[in-house]
Amino acid sequence: MQTLVLLTGAAIAVLIGSVVPRFESPQLSLPLQQTLVYPGSTPLISSIEPGAPVELGVVFRPTAAGSVIGIRAYRFGGEAGPLVGHLWSADGTLLGVARFPGGFGWQEAQLSAPVQVAADSLLMASYFSPSGGNIATGASFRKAGVPIWFSSVFQIPPASKQPLNFYHDGGTGFPTSDAGDRTFWIDVVFVEASPSDAR
Amino acid sequence: MRDDPNVQGARRRTEFLPTLLPTLLPTLLPTLLQTAVVVTLSTALFAEPLLRLVEFREPNGYLHVGFASRIAKTHVLYPGHFLYHVLTIAVHRLLPVSWLQAHFLVVLAARVWSALIVWRLVRQSLQDRNTANDALLAILVSLGLLSASAISFATWGRGNYYLGYIAPNLTVSQTLVVLQPLALLTFLSVVRGLSGPAPGQSRGNLLLMALLASASTLAKPSYVMVLLPALAILLLARMPSLRVVPRSRGHLLSILRRWPGDLKPALSFGLAFVPVLAAIGWIYLSTYLTVQGLDAGQSSGIRIAPFLVMTFLQRVFGPDSHVAAWLFGKFLLSIVFPASVAVAYFSRIRQDPRFQLAWLQFAFGLLYMYLFAEAPLFAAGNFTWSAHIALFILFVVSALILIEQTLAGVESRWRGLVSTRGAAFCFAVLTLHVLGGIGMYLHPWVN
């Protein structure tokens, strides 16, 4: 009986001391963040070759008004230099900058300030890679079968045939060269305006 | 003057209660106290890993919370197995909580419910004694079963806790967590149907079975996918006319004439599963022919692709040339406990419908896990969940059988645990599985 009482006492202490404060923490009260790419998706390639400095970008369109709060990029370890993420409007106006930490896998960098965007605005997320190493797979996320229904941000407006992936050789800058069928593993973190989930 | 019958009834009730309470309290109070202890302990134990998954924004979990918020906004029921999502929407609307908090409350409640069901079963196997020793043993075994996983120590150094293994208590999939108590209750109702003198004949149980099986399908179809073929085989094997070898043409004809009668129990069960088949059809349509299919922009569906998924999952950790060896080793390390119980007590338990159904289900789970894949999203490993949930039920059944075979009627429960070498080995192995599960819970965001 004593063991049961002790165990229960310990459990109550854990609930009061850890579970309740973490449940009520701001982290669990945040509105839901949405991404372009299916969470957990990884490119089916195992390494990349370094090359010349390049800026890589993907075009996307939110279907609801909201804020872009960060940029994500898939990285393998070993690329030289830090990545710098950029958010652009369709006419090449720089809207925000994000500096990536090191590491590999999906890396997320917060924009220096959230960028408010209107529904249906055409935007581009990009990152500058000083070593030129980039991860590109042979088909767009959509063609590769990545469901995008769950999100209010789309890499491509449904049924559109317009180019999705662009690059800019030689240094940092607004990517304008069409990358054709290649898909760059770049993503954004988006929060809908006036979401019903913020309490 | 005669009293009003209602007044007489009320008086009888008020007189009855004081006499009933002293009789019931000694049995009710310990049970209520133990229930409160199980709820408190399981809440504290399972809240920790579930909170960490939310705090680390585990991708699969986050995705399904997103699905719930999309359903609330668009009223389009996608994915087809929407029970978790609808529950999360209900909690989000009824309580002043965010989506992530609503998600946490739903999965935690499902885990606690599972703990209560398993605890009740363990208590029954211990013959419902209310001694302090039995109370502690029942609670420890129940929470152990809810924590058990593969004996994965060898791969902890690689950050590998469940991928490639079969894990009875995965919490990375909230739809699987919500399925767990419903699958267990469905299994129990089916076993009850199989155990009676006229299998499947009780209308009440058939209705309960239909409700539970439908709910579990809408939570995640992974369990009924293994239950249905396993049950069909068991029912066929029990048909008396199939057990007789015809001696002549006339004998064969007489056997065939008995078929309609023999098939009656199977048809009764079949009737209970009509809503389940409808739910499976809806989920298939929703998953492969509508939203996901359109998003994929290409044909999607189910493929027979032996070892494609498990090889892909294993390659995250191991050199390509050793994939088969790793997978085989991981398979064995996942089932040591139920296999030990089966070997140790086979002759005594082989006719037990719980044992038969649980192993048959698991066999179908293995078939799905190793041979089937979704296209094009095979890497999601959605055919592996059936093996995980079937193994959870197999663990529970094996533990109940082990308790009944070793501890029933034994005065000193703790001595009973080591009464024979077989019992000691089985309990020791279960402890290793629990340690494997604790390792996984301490690192819930890794693979």
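This one's a predicted model, so the numbers in the text were calculated from it and none came from an experiment. (Residues numbered from 1 in each chain as written. Chains lettered and ligands numbered in written order. Predicted model: local features only at pLDDT ≥ 70, side-chain atom pairs only at ≥ 80, totals over all residues.)

A few words on the overall build of chain B. When its secondary structure is counted, chain B shows 18 helices and two strands. The buried share among the 447 residues of chain B stands at 44%. Within chain B, contacts between residues separated by at least 24 positions form 75% of all contacts whose residues are at least 6 apart in sequence. (Helix = DSSP H or I, 4+ residues; strand = E, 2+ residues; numbered from the N terminus. Buried ≥ 20, exposed ≤ 12 C-beta atoms within 10 Å, placed from the backbone. Contact = placed C-beta atoms within 7 Å.)

It is worth spelling out the sheet that holds strand S3 (residues 66-75) of chain A at this point. Residues and elements named next belong to chain A. Strands sit in the order S1-S13-S3-S6 across an open sheet of four strands; the sheet is antiparallel. In this open sheet, the two strands that pair with only one neighbour each are strand S1 (34-35) and strand S6 (105-117). Pairing between S3 and strand S13 (residues 186-192): seven bridges, direction antiparallel. Across the sheet, Arg 72 pairs through a bridge with Asp 187, a residue of S13. (Pairing = 2+ DSSP bridges.)

For the rest of this paragraph, the subject is helix H18 (residues 421-442) of chain B. Residue and element names in this part refer to chain B. In this model H18 runs 32 Å from its N-terminal to its C-terminal C-alpha over 22 residues, within 8% of the 32 Å that 1.5 Å per residue would give. Those residues of H18 not exposed but buried are Ala 423, Cys 426, Phe 427, Leu 430, His 433, Val 434, Gly 436, Gly 437 and Met 440. Seen from one end, H18 has its buried residues packed into an arc of 170°, which puts them on one side. Against the buried residues of H18 lie helix H5 (132-147), helix H14 (336-349) and helix H16 (385-406). (Expected span 1.5 Å × (residues − 1). Arc of directions from axis to C-beta.)

A separate point is the confidence of the model for chain B. Residues and elements named next belong to chain B. Here chain B averages 87 in pLDDT, and 88% of its residues register 70 or above. Long-range and interchain partners of residues 293-298, a stretch whose pLDDT sits below 50, account for twelve contacts in this model, where long-range means more than four residues apart. Interface scoring of the predicted complex returns ipTM 0.79; its pTM is 0.84. (pLDDT = per-residue confidence, 0-100.)

Residues Tyr 78 of chain B and Pro 79 of chain B are joined by a peptide bond in cis, for which omega reads 5°. Mapped onto the fold, Pro 79 of chain B is located in the loop between helix H2 (59-74) and helix H3 (83-94). Despite not being glycine, Asp 120 of chain A shows a phi value in the positive range, around 70°. Of the residues examined, Asp 120 of chain A has 11 C-beta atoms within 10 Å and is grouped as exposed.

Turning to the confidence of the model for chain A, a few remarks are in order. Summing up the model confidence of chain A, the mean pLDDT is 80 and the portion of residues at 70 or higher is 72%. Here residues 142-148 of chain A is modelled with pLDDT under 50, and outside its nearest four sequence neighbours on either side it reaches 23 contacts, counting other chains as well.

Take the nonpolar core next. Counting residues in each nonpolar core, the largest one holds 129 residues, and the members touching the most others are Val 122, Ile 389, Leu 391, Ile 393, Phe 395, Val 396 and Ala 399 of chain B. Here this core takes 16 residues from H16 of chain B, the largest share from any one element. For Ile 389 of chain B, the contacting residues outside a window of four places in its chain are Leu 176, Leu 179, Gln 180, Ala 183, Ser 222 and Tyr 223 of chain B. Residues Leu 56, Trp 185, Ile 186 and Val 188 of chain A belong to the second largest nonpolar core, which totals 32 residues. (Core = buried A, V, L, I, M, F, W, Y, C linked by C-beta atoms within 7 Å.)

Residues and elements named next belong to chain A. Examined bridge by bridge, strand S4 (residues 84-89) and strand S5 (residues 94-99) share five bridges and lie antiparallel to one another. Looking across to S5, one finds that Leu 87 is bridged to Gly 96. Hairpin remark: S4 followed by S5, antiparallel, with four residues in the connecting loop; positive phi at Gly 92, about 90°.

For the rest of this paragraph, the subject is the packing of helix H8 (residues 222-238) of chain B against helix H15 (residues 353-371) of chain B. Residue and element names in this part refer to chain B. One way to put it is that H8 packs onto H15 with a least axis distance of 8 Å and a crossing angle of 130°. Classed by the angle they form, the pair H8 and H15 counts as oblique. In this structure, H8 crosses over H15, and the sense of that crossing is right-handed. Residues Met 225, Val 226, Leu 227, Pro 229, Ala 230, Leu 231, Ile 233 and Leu 234 of H8 form the contact with H15, whose own contacting residues are Gln 356, Leu 357, Leu 360, Gln 361, Phe 364, Gly 365 and Tyr 368. Class assignment for the residues of the contact of H8 with H15 results in twelve nonpolar, three polar and no charged. (Axes fitted to C-alpha atoms, helices over the stretch in contact; angles between N-to-C directions. Parallel < 35°, antiparallel > 145°, perpendicular 65-115°, else oblique. Left-handed = near helix turned anticlockwise from the far one by under 90°. Nonpolar A, V, L, I, M, F, W, Y, C, P; charged D, E, K, R; others polar.)

Moving on to the environment of Pro 130 of chain A. Locating Pro 130 of chain A in the fold gives a position in the loop between strand S7 (123-129) and strand S8 (136-137). As for Pro 130 of chain A and Val 54 of chain A, which are separated by 76 residues in sequence, their C-alpha atoms are 6.6 Å apart.

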